[in-house]
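One letter stands for each residue in the lines below.
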Amino acid sequence: MPRQTVKVCIRTRPTANFASEAIQIDVAKNTVLINTAHKKAMEAHHPDVGMNNSESLYGFNFHQVLHNASQDTVYETMSRDVVQSVVDGTNGTVMTYGQTGSGKTFTMIGDTRNFAHRGIAPRAITHIFNTIAERPEIDFKISCVYYEIYNEKVYDLLDDLSNSETRTDFQIAEEKNGRGVHVRGLNEVDIPSEQDALNYLYSGELARTTSQHKLNRKSNRSHSIFTIYIQQRARSGVSERIIASKLNLVDLAGSERLKKTIDGDIDDTTKKESMYINQSLTYLEQCVVALSKKGGGGYVPYRQTKLTNVLKDSIGGNCNTLMFANMWGEEAHLEETISTLRLAARMMRVQNDTQKVESFDDAMMVKKLTKEVKELKQELLMHDAMVERSAIVYDDYTPEQKLELREKIEKFLAAEIGSDEEYDAVSLSSVRQMREILNQFKRITLEKDVHIKRAVTAAANGSMTRGMDMTGAEAKGEGSAPTFGDAKDAVGDVVEGDGFGLGMAESDLRPSQLDGSPSRGAGVTGGGGSPGKTFERSADLSYDAQDKSSATTTYSEYKGEVPEDKEEAFALYKRTKGKKENQQMLSLKAEVKSLKSKSKVLTIECNDCKDEIDRIGGKISLKKTARLSQMQPGGYSDDIDVVDEEEFDLMKQQREAKKGYKAGMSELMDLKDKIRSMQNDVDDRKYSLLQDFDHWHGLALGTVIDDGGGSGLNAETGEVMDDAEMFEKMELERIKAENPDSLAFFQAQKTRRANQTQNSLTIRQMGKNKRSVGV
């Protein structure tokens with residue numbers, strides 16, 4: 001991949017005192033113009049200010065300029081592309097730079113209490129896991145580390161908050177063909193879900209070192225780096241090939257001047273912190289200056305500080321880097337704004353060499369090579385035992401060879417038994433060929449099974465035509481029903497006609513009891529048992545039998561007594577007060593069943609489409625191999641590759657088949673989500689119906705007092721929920737209804753508040769300990 005420059009985006013902090021006379025921003029042209037002549041003129045009349053002959057007009061042009069932009073705009077403008085490239089297999093870095101109080105942490109982390117104001121980091125986490133969910137054919141492994149660099153010491157932010165012993169002796173290492181530059185010894189945790197990743201992000205934020213000064217109520221005194229490592233491999237095929245990538249989310253500490261941030265005396269701790277922050281940012285600027293020089297190749301002072309050392313991949317290395325330069329557009333901060341924009345302009349001249357990092361799983365390679373050696377030994381043993389065979393090729397079968405062998409097997413299956421065509425269709429030559437023949441036989445058998453299941457599914461849905469050709473029907477003549485075993489062993493009288501005629505059961509064969517449940521005269525007493533477990537099935541069956549004669553009965557019309565037997569009472573409840581809820585639940589269950597049948601058909605169609613793609617790909621490979629073999633030696637060039645009309649048509653067919661497969665898979669995933677949602681709705685309605693009946697039955701018998709409230713039971717444990725649990729349940733239901741995408745953020749926010757409350761003293765003491773070291 002060609003070298004590309006670091007992308008730079010300018011973001012202004014919203015302020016009511018924006019220096020519109022000195023700063024001119026053109027969002028359309030992505031330019032920033034600063035004129036300090038007005039300020040110099042005011043200083044010229046001040047008796048304590050000498051002559052100022054410095055430059056007064058500054059012009060800057062960047063990749064993107066965002067003025068008073070929302071958090072969503074900040075992410076969608078340029079950050080999304082960087083995160084997407086990381087999921088696709090290349091390294092990426094998003095960093096925020098600027099003076100203290102300019103909004104760097106808000107840009108990176110955002111407001112942890114407001115979903116709409118969340119920053120780049122939580123949005124990137126959501127983006128990664130949403131993209132992973134859309135790629136089921138790839139196996140992903142996600143992990144993360146989170147650390148800060150405070151006073152030139154590395155602190156692990158994912159360490160246990162209650163751990164009083166803080167480790168700082170971490171080493172920075174570099175792997176050329178692996179992870180690149182990384183910190184050894186940090187807690188690297190697996191993150192299987194979006195909520196887990198957000199929990200680690202916000203837990204690490206609590207452990208960061210902060211303090212208060214004039215320009216920022218919660219100023220970060222350290223540089224923090226949250227790194228997400230992604231490993232991906234195909235679930236099928238060449239599974240030993242691994243693509244590794246990482247996303248660095250860097251929140252730099254702000255450059256500051258003590259005379260602007262501190263009133264009165266300056267304590268030694270703040271002075272030392274400011275010295276280390278400005279020193280590391282100065283060396284970062286020196287690295288940028290060295291990398292931005294024409295020709296390059298000079299010395300770059302990466303090892304001067306830990307910050308520049310860990311950012312070696314991000315500036316001048318293998319990484320797709322985006323820098324947000326945050327500026328505070330007030331007249332009092334013009335000098336810091338100019339300094340920030342100058343570094344940002346230099347950063348645009350830094351070039352990175354972005355390429356995928358591929359490796360191989362040693363265990364998988366050993367397993368594959370061991371299997372290959374075993375097969376080769378078998379080949380050698382058979383070498384002298386077989387005659388009239390061609391030279392043995394020990395490589396794996398190519399797609400075109402598999403297709404050719406499959407066509408021979410299909411000819412073998414289609415030929416008559418004992419014919420010459422059957423004998424000449426396939427000739428055995430090696431163990432490798434025999435094994436591939438068995439694999440192709442297995443694939444053909446599985447495909448046949450899929451088609452048979454598809455036909456059975458279609459028949460169950462009523463889509464099988466009366467004229468379908470069925471096994472056994474032709475042998476007995478047109479219109480005869482198939483026979484399953486001896487006719488005398490059949491149950492009921494066989495019905496004449498087409499299709500699957502299974503017969504009608506005789507009227508006297510109806511059992512007196514259903515599945516061993518007690519008869520209606522010996523029902524369960526009104527006071528015992530759970531309505532959802534002891535009589536649910538028999539009540540449903542009895543309701544179907546009785547509801548025909550009393551379907552018009554309503555609760556207001558029913559004047560009789562409520563029976564104590566819960567089975568009879570539940571059947572009565574479903575015909576009267578709970579009739580509407582029961583019918584809605586049954587309607588939903590029927591719709592879920594219909595959608596499941598449709599999902600099965602879609603699955604079969606997607607599999608057929610995938611087989612068609614493979615078949616066309618095999619033909620294309622055969623055409624390409626034949627075309628290259630017909631060319632004269634030395635007449636082929638990598639720059640000229642001309643295909644004939646037939647091969648071009650195959651390529652178009654393959655492209656259309658891939659589009660159809662993608663559309664089918666998208667429809668199938670949406671359908672499965674809908675089925676899952678509707679099944680949850682069915683379960684909720686069923687549970688609600690049982691709870692309402694229990695309450696209604698208890699009121700009728702006088703065993704429950706109506707307090708106007710709900711049942712208050714936990715659906716998972718069956719225990720009574722307290723007020724806090726009821727409130728939490730209602731809150732989760734509200735979040736799901738308003739914005740399902742915010743559920744993970746909401747739960748991570750709760751976890752963060754709990755950690756902050758439980759470990760408040762530890763967090764405060766940890767910050768004091770770090771700030772007091774070496775003072």
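Rules and cut-offs
Residues numbered from 1 in each chain as written. Predicted model: local features only at pLDDT ≥ 70, side-chain atom pairs only at ≥ 80, totals over all residues. Heavy atoms only, no water. Helix = DSSP H or I, 4+ residues; strand = E, 2+ residues; numbered from the N terminus. Buried < 20%, exposed > 50% of the residue type's maximum accessible area, 1.4 Å probe, protein only. Contact = heavy atoms within 4.5 Å. Phe/Tyr/Trp six-rings, centres within 6.5 Å; stacked < 30°, edge-to-face > 60°. Lys NZ or Arg CZ within 6 Å of the ring centre and 35° of its normal. Pairing = 2+ DSSP bridges. Salt bridge = Lys/Arg side-chain N within 4 Å of Asp/Glu carboxyl O.

Asks: How do you make sense of the overall build of the protein when you look at a structure like this?
Replies: Across its full length, the protein holds 21 helices and 19 strands. A buried classification covers 38% of the 775 residues belonging to the protein.

Asks: I'm lost on the environment of I228 in this one. Help?
Replies: Within the secondary structure, I228 sits in strand β15 (residues 223-234). Residue I228 is classed as buried on the basis of its relative accessible area, which comes to 2%. Beyond its immediate sequence surroundings of up to four residues, I228 is in contact with I125, I128, I142, S143, C144, I191, S245, K246 and L247.

Asks: Help me out: how do you make sense of the packing of aromatic side chains in this one?
Replies: Geometry of an aromatic ring pair is reported as the spacing of the ring centres plus the angle between the planes. Going through the model one piece at a time under the given rule, you end up with 9 aromatic pairs. Between F115 and F745, the aromatic rings sit 5.5 Å apart at their centres with planes inclined by 65 degrees, giving edge-to-face as the arrangement. Here F115 is found in the loop between α3 (104-108) and α4 (120-133), whereas its partner F745 is found in helix α20 (residues 743-758), with 630 residues between them in sequence. Here F745 falls in the buried class, since its relative accessible area comes to 4%. Members of the aromatic cluster, connected to one another through ring pairs, are F570, Y573, F693 and W696. Taking NZ or CZ as reference, R179 lies 4.0 Å from the ring centre of Y229, over its face.

Asks: What should I look at first to understand the pairing of strand β8 (residues 138-150) in this one?
Replies: Two faces, one strand: in a regular strand the side chains alternate between the faces of the sheet. Of all 13 residues that make up β8, 11 are buried, and the element is covered over most of its length. Of the pairings in the sheet, the one linking β8 to β15 comprises 12 bridges and is antiparallel in character. Paired with I142 across the two strands is I230, which belongs to β15. As judged from the 2 bridges shared by β8 and strand β12 (residues 189-190), these two strands associate in the antiparallel manner. What sits directly across from C144, in β12, is V189. Where β8 and strand β9 (residues 153-156) come together, 4 bridges link them in antiparallel fashion. From the neighbouring strand, I149 faces β9, where its bridge partner is V154.

Asks: Can you walk me through the pattern of salt bridges in this structure?
Replies: Any two side chains of opposite charge can pair, so long as their charged atoms come close to each other. The tally for this structure, following the rule as stated, stands at 25 salt bridges. A salt bridge links K610 to D614; the shortest N-O distance between them is 3.1 Å. You can see K610 and its partner D614 sitting in helix α17 (residues 579-630), 4 residues apart, about one turn around the helix. On the basis of relative accessible area, K610 is assigned to the partly exposed category, the value being 34%. The shortest N-O distance in the salt bridge between D681 and R685 comes to 3.4 Å. Here D681 and its partner R685 are both found in helix α18 (residues 645-701), 4 residues apart, which amounts to about one turn of the helix. Judged by relative accessible area, which is 31%, R685 ranks as partly exposed.

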